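Per-entry structural report
As a plain string of letters, each chain reads:
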Amino acid sequence: MAPQGENRTDADLTGEPGSSLHGVTGHEVFPYINMDTVPEEATDLKGRKFSLPVDSEHKAKKLKIYSFARPHMLTFHLSWISFMTCFFSTFAAPPLLPIIRDNLGLTKTNIAHAGVASVSGSIISRLLMGTICDLFGPRYGCAILIMATAPAVFCMSIVSTVDGFILVRFFISFALATFVSCQFWMSSMFNGQIVGLANGLAAGWGNAGGGITQLVMPLVYDLIAKNIGADNFTAWRLAFFLPGCMHIVMGLIVLAIGQDLPDGNYSSLKRSGDKVTDTFFKVLQYGVTNYRTWIFTITYGYCLGVELTVDNIIAQYFYDRFDINLTIAGTIGSTVGLMNIISRPAGGMISDMAARRFGMRGRLWALWTLQTIGGVLCIGLGLLGSLGPSVVVLVIFSIFMEAACGATFGIIPFISRRSLGVISGAVGAGGNVGSILTQVLFFSNQSYSMEKGIMLMGVMAIACTAVLFLVYFPQWGGMLCPPSKATEEDYYGGEWNEAERAKNLHRNSLKFAENSRSERGPSRQEQTSDSAPTTRV
Amino acid sequence: MSAMKIALVLAVALLALVSVAEAGVSFKSLNSSRTLTVQAKIQATNVTSGQAHVGTDHLVISWALNSSFDGTGKDARYVNVKIKLCYAPVSQTDRGWRKTKDDLEKDKTCSKGITQQKYVSTGNTTTWRITKDVPGAVYFVRVYAVDAVGTELAFGQTTDKTKTTNLIEIVPISGRHVSIDIAAAVFSVFSVGSLMGFLSLEAIKQRKANSKAGHFFRAAFTDIIRGHSVLREIKIIKSKC
């Protein structure tokens, strides 16, 4: 276990704000303790063998996708499947809207309000989930959320008014906060060097739930309406028992076999909770006052936000504009969500590759390029009038937009070391705010047809992505400006005031700073040999 | 004429042909062909406007060639009639998927087909039980006279040109059943209940573990403190020697 004094391990850091997503980088060489590789037959604190090579914190160093071995790979699968379930149920209504709108007598305005509601609930829940994971662990956070939102999903089967429909979609959307618990869980289980890939895969496969639902729900509805012979207006209600049951099943599985950390659950490992109340406001302060937080909130709002909006409107758009049947419209709509399976991890990898060649500036340019191309394709989608080209453009557009989402989370871990949890929660919530704004501006009033709305959404995406030019890291530069003489230690150490630095509370930020030197890009790496870290512990 | 002009004329002709081939019949072109008279009654109450209930009520629709067109030969090409249920403007507002368009191929006003019958100039009647998939809205009935291929040649409808008179309001089913309500309630209670159960079980286990561990840790801690102070004393003694 941890020796006393300066050498604090991760277990001691749990509970401290900002520790929520520690380890979430693609490059971070282990900052906290030495990086000795533990031999293959490593055992956890209870003496059980690990099936994957682990570091000295027992976080896995390899990702074996086909394995379900405890605790690492099992956790990987549990977290992405539960995140996928939540996306599935949040976007289960849109593919069935042509039936639901006739049953409940919805107007275009009502549908737009419901679409806004379906992404607003998660703003609050995503902001809270980081703290909940810190205090109670990702296993409880995920399971409690998923089982508490199951009643909302079942309520969808019994709505009979417009307001009821909007309210239910609002409450179901709380479930989208499993994004935060999913990412948190990954960074607790996987070593810093592969956590970027693990996070990208888990988030991408989870987001794909939005696409899977557009395929599955019309099929389930057809099955019930035609094979079982229920009335249309009853069949769609019965179809909603599928996502509801998925919630219950996943919640129980997570509680039964899930595990917070490689060595066990939070409750069985000693933790100090006082630190949270002490520095919560400080962490909030440094997160909120860092202007980069808000820039990335805006850009993610027009990256994930566009994806969420398209999830909500696309099946209806194809059904109404091109006169195709419900199942085919749902299939086309599903491609957007399904592209996530490859495009989001690919975006993370592109960001990492750009960083290897050009450092942080490369990451910023990669993100700007991906997102701007996505915006251009969105404009194209709105302008096209025939079915075939529209589908092709839709698929390519979703690849670029989702890669941009993955690339965003290649940069987020470097914005702040101290307030990482708060920033990740804020950016994640920003995605939803962007979706709400888009749906309210372009899809809820009568003056814009759906195709015009899509085109305007593309224009706004390009405009909002341009704020990336304002991002400047003194130690690494920005998109247009070269770096200054500042160092990573100045930047990350600057988040602590004199008193805190005197107590050496900023030592982990300094370790992180040393490891983030890879973001300088290869041309400046020689400078690192001069600045040998003096605070190695 | 020069070759250029011929080419231009041909191109225009081709384009015209293509545009005609793609579009359906224009509704405006049928305006002069409102040759059919249509009447729809709700069977239970025998009135032409009012409320009708899905699943139980029937609509009795009777159509015939307008007497003023008798013998004019206008109906020479009519082969069949298609009877359709159409949305009144009040049910179309803010609902783009029910929009009226002039091109009958793209028009969504009359999306619910009732039936098709052979055309006879003396007309016919049909009784239609309102099916359960009809949404709740305000409707009128329109009858199109079509040729053998299905192209609309003429029409008639129960309401006037502004579609404000003689409208039938259809009351839909809600789709809800008591069994669905009960099932939803049961599943919800199960979800929250099993969550609470799991959490309380783990809390109880935790408390048991803590009370045992508490004693253990307190003893160990005091041992360690004593051990440290002994060690310090030994160091002091050693340094003095």
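Residues numbered from 1 in each chain as written. Chains lettered and ligands numbered in written order. Predicted model: local features only at pLDDT ≥ 70, side-chain atom pairs only at ≥ 80, totals over all residues. Heavy atoms only, no water.

Named according to an unreviewed UniProt entry, chain B is High-affinity nitrate transporter originating from Riccia sorocarpa.

Per an unreviewed UniProt entry, chain A carries the name Major facilitator superfamily (MFS) profile domain-containing protein and comes from Riccia sorocarpa. In its Subcellular location (unreviewed entry) section, the UniProt record describing chain A reads: "Membrane". (UniProt positions renumbered as here; feature names shortened; annotations may be inferred.)

**Re the overall build of chain B**
The helix and strand inventory of chain B stands at 2 helices and 9 strands. Reading the helices (α) and strands (β) of chain B from amino to carboxyl end gives α-β-β-β-β-β-β-β-β-β-α. Buried residues in chain B amount to 33% of all 241 residues. A separation threshold of at least 6 residues defines the contact pool for chain B, and within that pool the share at least 24 residues apart is 74%. Just so you have it, chain B exposes about 14600 Å², and 63% of that area is on carbon and sulfur atoms. (Helix = DSSP H or I, 4+ residues; strand = E, 2+ residues; numbered from the N terminus. Buried < 20%, exposed > 50% of the residue type's maximum accessible area, 1.4 Å probe, protein only. Contact = heavy atoms within 4.5 Å. Areas by Shrake-Rupley, 256 points an atom, 1.4 Å probe, with all protein chains shown as cover.)

**So, the state of the cysteines**
Considering all chains together, one arrives at 1 disulfide over all chains under this definition. Here Cys86 of chain B connects covalently by a disulfide to Cys110 of chain B, the sulfurs 2.0 Å from one another. The sign of the S-S torsion, about 105°, decides the handedness of the disulfide formed by Cys86 of chain B and Cys110 of chain B: right-handed. With Cys86 of chain B in strand S4 (residues 80-87) and Cys110 of chain B in the loop between S4 and strand S5 (112-118), this residue pair connects regions lying 24 residues apart in the sequence. Owing to a relative accessible area of 0%, Cys86 of chain B belongs among the buried residues under this scheme. This cysteine, Cys182 of chain A, is not joined by any disulfide, and Cys142 of chain A carries the nearest cysteine sulfur, 8.1 Å off. (Disulfide = S-S within 2.5 Å.)

**Observations concerning the environment of Ser444 of chain A**
All names here are of chain A. Considering the arrangement of structural elements, one finds Ser444 in the loop between helix H20 (420-442) and helix H21 (450-465). Between the C-alpha atom of Ser444 and that of His113, which follows or precedes it by 331 residues, the distance is 7.1 Å. Leave out the neighbours within four places in its chain, and Ser444 touches Thr109, Ala112 and Gln439.

**Concerning the pattern of salt bridges**
Following the criterion strictly, the structure yields 10 salt bridges over all chains and no others. Residue Asp181 of chain B is joined to Arg176 of chain B by a salt bridge in which the shortest nitrogen-to-oxygen separation is 3.0 Å. (Salt bridge = Lys/Arg side-chain N within 4 Å of Asp/Glu carboxyl O.)

**Some remarks on the packing of helix H3 (residues 97-104) of chain A against helix H11 (residues 232-239) of chain A**
All names here are of chain A. At their nearest, the axes of H3 and H11 sit 10 Å apart, and the two run at 120° to each other. The orientation of H3 relative to H11 falls into the category oblique. Crossing angle aside, the handedness with which H3 passes H11 is left-handed. Contacts between H3 and H11 involve Ile99, Ile100, Asp102, Asn103 and Leu104 from the former and Asn232, Phe233, Trp236 and Arg237 from the latter. (Axes fitted to C-alpha atoms, helices over the stretch in contact; angles between N-to-C directions. Parallel < 35°, antiparallel > 145°, perpendicular 65-115°, else oblique. Left-handed = near helix turned anticlockwise from the far one by under 90°.)

**Regarding the sheet that holds strand S1 (residues 36-42) of chain B**
Residue and element names in this part refer to chain B. Strand order across the open sheet formed by 3 strands is S1-S3-S6, with antiparallel pairing between neighbours. The open sheet has two edge strands, S1 and strand S6 (124-129), and neither has a second partner. On average, each strand axis in the sheet is tilted by 20° relative to the strand beside it, whichever way the strands run. (Pairing = 2+ DSSP bridges.)

**Thoughts on the environment of Gly156 of chain B**
Residue and element names in this part refer to chain B. Take Gly156: it is sitting in strand S8 (residues 152-157). Each C-alpha atom of the pair Gly156 and Ser33 lies 8.5 Å from the other, and the pair is 123 residues apart in sequence. Ignoring sequence-local partners within four residues, the contact set of Gly156 consists of Arg34, Leu36, Val38, Val141, Arg142 and Val143.

**What to know about the interface of chain B and chain A**
Each side of the interface is counted separately: chain B has 32 residues, and chain A has 37 residues. Both faces considered, chain B and chain A share a buried interface measuring about 3100 Å² in area, 63% of it formed by carbon and sulfur atoms. Run the count over chain B and chain A and you get 4 salt bridges. Between Lys132 of chain B and Asp231 of chain A there is a salt bridge, with its nearest N and O atoms 4.0 Å apart. Taken together, chain B and chain A are joined by 17 residue pairs in polar contact (both at pLDDT 80 or more). A class-by-class count of the residues in the side of chain B that touches chain A yields 14 nonpolar, 9 polar and 9 charged. (Buried area = accessible area lost by both parts, 1.4 Å probe. Polar contact = N/O pair within 3.5 Å; in protein donor to acceptor, adjacent residues only side chain to side chain. Nonpolar A, V, L, I, M, F, W, Y, C, P; charged D, E, K, R; others polar.)

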